[in-house]
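# Descriptive analysis of the structure
So the chains spell out like this:
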Amino acid sequence: MTRLLDLLDTRSMDLDFTADSADQAIDKMVGLLDQAGAVADVDAFAAAVKAREATSSTGLGDGIAIPHGKSDGVTRPALAFARSSAEVDWNGAPARLIFLIGVPADQAGDEHLRILAMLARRLVRPAFRESLVNARGADEIRAILSEVAA
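Here goes a summary of the coordinates provided. (Residues numbered from 1 in each chain as written. Predicted model: local features only at pLDDT ≥ 70, side-chain atom pairs only at ≥ 80, totals over all residues. Heavy atoms only, no water.)

## As for the packing of helix H4 (residues 126-134) against helix H5 (residues 138-145)
At a closest axis distance of 9 Å, the pairing of H4 and H5 adopts a crossing angle of 160°. Considering the angle they form, H4 stands roughly antiparallel to H5. The two elements H4 and H5 cross, and the hand of that crossing is left-handed. Contact residues: H4 offers Phe128, Ser131, Leu132 and Asn134, while H5 offers Glu140, Ile141, Ile144 and Leu145. (Axes fitted to C-alpha atoms, helices over the stretch in contact; angles between N-to-C directions. Helix = DSSP H or I, 4+ residues; strand = E, 2+ residues; numbered from the N terminus. Parallel < 35°, antiparallel > 145°, perpendicular 65-115°, else oblique. Left-handed = near helix turned anticlockwise from the far one by under 90°. Contact = heavy atoms within 4.5 Å.)

Following this line, the structure appears as structure tokens:
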């Protein structure tokens, strides 16, 4: 069973996130995954995420966005998390909690969908979202996400 924490490195979290647009947020979050050692080609991965976003926005409402991309620029399944005090305009759906999912192209099928499902099951709960908004640091975020598994 995959746990969300297996994919989320503390280096890929930003709890004081700022971005002026979804594109800028994607670039910054790809950088977080790069810092965590999960990205071999930043430009290729960012392009894949933006191409996916162009087909249909990943802003889900309720202050959530889950951009994702399948790319050879990603070395392993990985997750970045950003929390913004100001809403980021996610193509018309304001977001404060943003999860970026990166999956190598050759592992994209089941792994990609499993990670999305893990997040979606929890993020529909208002109390879960509020706990992420109110968490005081990376350790609290990790504790909140520790129970999320496929």
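## So, the packing of aromatic side chains
Under the defined criterion, the tally for this structure stands at one aromatic pair. An angle of 45° between the planes, with centres 4.8 Å apart, marks the rings of Phe81 and Phe99 as tilted. With a gap of 18 residues between them, Phe81 in strand E5 (residues 78-90) and Phe99 in strand E6 (residues 93-103) connect regions that are remote in the sequence. (Phe/Tyr/Trp six-rings, centres within 6.5 Å; stacked < 30°, edge-to-face > 60°.)

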